[in-house]
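Survey of secondary and tertiary structure
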Amino acid sequence: MKEDFLHYVWQYKKFEFSSLTTVAGDSLTISNCGDYLQQSGPDFFNAQITIDNQKWAGNIEIHLRSSDWYLHHHEKDPNYDNVILHVVWEHDSPIFRKDNSEIPALELKQYVSKYVLESYNSLSSQKSWIYCENQIASIDDFVLLHWQERLFFERLERKGISMEQLLLETENDWEAVLFCMLAKNFGLNTNGETFLKIAKSIPFTVIRKESFEVENLESLFFGIAGLFPVDVQDNYTKELVNRFEYISQKHQLTKIQIEPVQFFKHRPDNFPTIRLAQLAMLYSKEQNLFSKLIAVKTKKELYELFEVPISEYWLTHYQFDNESPKKKKQLSKSFVDLLVINTIVPIQFTYAKSQGKEVSESLLDLLREIAPEQNVIIDKFSGFGIKAKNALESQSLLQLKNEYCNHRKCLQCAVGIQLLKE
């Protein structure tokens, strides 16, 4: 048994309320179980109880065993001075306040029905992938829809943390934050962190000044990534090498150590050379990209904004000094969808939040226009009868698996709670 089960039992009043007594034998009446805030300090705040006709208002602390109070060193924490009731599954030790008065205790196990225990054990028993895999498809659509929306915004909040950190590093330059996040997502999972380091190593003031010639940006990206061949053969590569040396000295750029970019297991259109060339063209073609992305509302507008060509050299190359048949190599709609999901929507949300604006509905509408991601997690949920119809639903399923299922937070999950209710 886990402590969060006791939190669930207390929060949703899944125990027999009549004829409650403390372990000392005093009559106990619960008027208000308190607010479950999940913050530091006691588990439930502002509870109201009556013990032997004496009314009390304060906080409730919950443990599996009474002795956990001392195991967690609550006796040294002033946040626990206002605990009026210690709710435990098993009472094994009296607990005292600083003034040596004993904190009343309620032993919960004698008031929880066998049915509630069996339901919990059934849900929490190990399955092949997630605990509720045999039951999740039975959840009411209304419950699942609202839970998915909440999961989606939880995921946005988590992504917003890294953006807020970048904002501090760039002295509140939203254009620079966007550049870093786009660079990371142009690198996909394999090269994302390396691309991010490349972007962070170039002050965005340099990007602004050099963006009027795409060759300048290409030279910076390829040079910092260490992609220039040792023995340069063709004229274009030689030109980029010379530009990189000149621009690096001009702006006094510091050399950084980064991991080599990976070509292995990538289709040619996803080679890091191609993605960096596309990123360079995007920033050469679109000035003030951040303000434009903040203003867009529809998938069609986004596709038009990212409809950028690639420089002439890369039409016939995937790598330096290695010519290939001519191909346009524009950003595909599926790739733009990934940028929308992982960069544009999160930065729109984080920026609106910083401005005190509400954009929730427009973001939900936009994500409903985007196709769901295709990966192992989404496929697994589909096998259990939960099929993502759009990016909003696939993002929420990723949040569900990574932040709830993987950490066994069934009793903090709307799915788990609903299954226990049933």
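Our subject is the structure listed above.
In what follows, the accompanying structure is described. (Residues numbered from 1 in each chain as written. Predicted model: local features only at pLDDT ≥ 70, side-chain atom pairs only at ≥ 80, totals over all residues. Heavy atoms only, no water.)

1. Examining the overall build of the protein chain
Summing up its helical and strand segments, the protein chain has 18 helices and nine strands in all. When the backbone C-alpha atoms are referred to their principal axes, the protein chain occupies close to 90 × 45 × 40 Å. When each of the 422 residues of the protein chain is scored for burial, the buried share is 52%. Sequence-distant contacts, at least 24 apart, represent 61% of the contacts inside the protein chain between residues at least 6 apart. A distance of 4 Å separates the average location of the 47 positive side-chain charges in the protein chain from that of its 57 negative side-chain charges. (Helix = DSSP H or I, 4+ residues; strand = E, 2+ residues; numbered from the N terminus. Buried < 20%, exposed > 50% of the residue type's maximum accessible area, 1.4 Å probe, protein only. Contact = heavy atoms within 4.5 Å. Lys, Arg positive; Asp, Glu negative; His and termini not counted. Charge placed at Lys NZ, Arg CZ, Asp CG, Glu CD.)

2. Some points on the pairing of strand β5 (residues 54–65)
In regular strands, side chains alternate between the two faces of the sheet. Both strand β4 (residues 44–51) and β5 contribute to a ladder of six bridges, which runs antiparallel. Across the sheet, the residue bridging to Q48 is A57, located in β5. Between β4 and β5, which follow one another and run antiparallel, lie two residues, and D52 among them has a positive phi close to 50°. (Pairing = 2+ DSSP bridges.)

3. Some remarks on unusual backbone geometry
Its identity is not glycine, yet N46 carries a phi of approximately 60°, on the positive side. Tracing the sequence through the fold places N46 in strand β4. N46 sits in the exposed class, given a relative accessible area of 53%. Even without being a glycine, E171 presents a positive backbone phi close to 55°. The exposed category is assigned to E171, whose relative accessible area is 71%.

4. Section: the packing of aromatic side chains
Counting across every chain of the model gives 29 aromatic pairs. Judged by centre distance (5.1 Å) and plane angle (85°), the rings of F222 and F320 are edge-to-face. Note that F222 is positioned in helix α8 (residues 214–225) and F320 in the loop between β8 (317–319) and β9 (322–323), a separation of 98 residues in sequence. The two residues F222 and F320 agree in class, both being buried. A centroid spacing of 5.5 Å and a plane angle of 55° characterise the contact between F228 and F320, whose relative ring orientation is tilted. Placement of F228 in the loop between α8 and α9 (235–250) and of F320 in the loop between β8 and β9 is noted, with a sequence separation of 92 residues between them. (Phe/Tyr/Trp six-rings, centres within 6.5 Å; stacked < 30°, edge-to-face > 60°.)

5. A few points about α9
For an α-helix, 3.6 residues make a turn, and residues three or four places apart therefore share a direction. For α9, with 16 residues, the first-to-last C-alpha span of 22 Å sits near the 22 Å given by 1.5 Å per residue. Y236, T237, L240, V241, R243, F244, I247 and S248 are the residues of α9 that are buried. Projection of α9 onto a plane perpendicular to its axis shows the buried side chains occupying an angular sector of 165°, all on one side. Facing away from the buried side of α9 by over 90 degrees, the exposed positions are N235, Y246 and Q249. Buried residues in α9 make contact with α7 (204–210), α8 and α13 (312–315). Here α9 starts with a cap whose side-chain oxygen sits 3.4 Å from the backbone nitrogen of Y236, and that cap is D234. Of the residues trailing α9, Q252 is marked for its positive phi of about 50°. (Expected span 1.5 Å × (residues − 1). Arc of directions from axis to C-beta. Polar contact = N/O pair within 3.5 Å; in protein donor to acceptor, adjacent residues only side chain to side chain.)

6. A look at the side chain of N270
Relative to the assigned elements, N270 resides in the loop between α9 and α10 (272–285). A polar atom in the side chain of N270 sits 2.3 Å from the side chain of R275. Leave out the neighbours within four places in its chain, and N270 touches L188 and R275.

7. A closer look at the nonpolar core
L182, F186, F221, F222, Y283, F306 and W314 are the most contacted members of the largest nonpolar core, which has 84 residues in total. Contact partners of F186, with chain neighbours within four places excluded, come to F195, R275, Q278, L279, L282, L331, F335 and L339. Counting 53 residues, the second largest nonpolar core, distinct from the first, contains L6, A47, Y120 and I386. (Core = buried A, V, L, I, M, F, W, Y, C linked by side-chain atoms within 4.5 Å.)

8. So, the pattern of salt bridges
On inspection of all chains with the given rule, the structure shows 18 salt bridges. Residue E154 pairs with R150 through a salt bridge whose shortest N-O separation is 3.4 Å. Of the two residues, E154 and R150 both sit in helix α4 (residues 141–169), four residues apart, roughly one turn of that helix. With a relative accessible area of 23%, E154 lands in the partly exposed category. Across the salt bridge formed by D173 and R208, the nearest N and O atoms sit 3.2 Å from each other. Remark: R208 occurs in helix α7 and D173 occurs in the loop between α4 and α5 (174–186); sequence separation between them is 35 residues. A relative accessible area of 17% places D173 in the buried class. (Salt bridge = Lys/Arg side-chain N within 4 Å of Asp/Glu carboxyl O.)

9. Quick word on the pairing of strand β2 (residues 27–32)
Inspection of the sheet shows strand β1 (residues 20–21) paired to β2 by two bridges, in the antiparallel sense. Paired with T21 across the strands is S27, a residue of β2. Counted along the chain from β1 to the antiparallel partner β2, the turn is five residues long, and its residue G25 has a positive phi close to 95°. Pairing of β2 with β4 involves four bridges; the strand directions are antiparallel. The residue of β4 that forms the bridge with I30 is I49.

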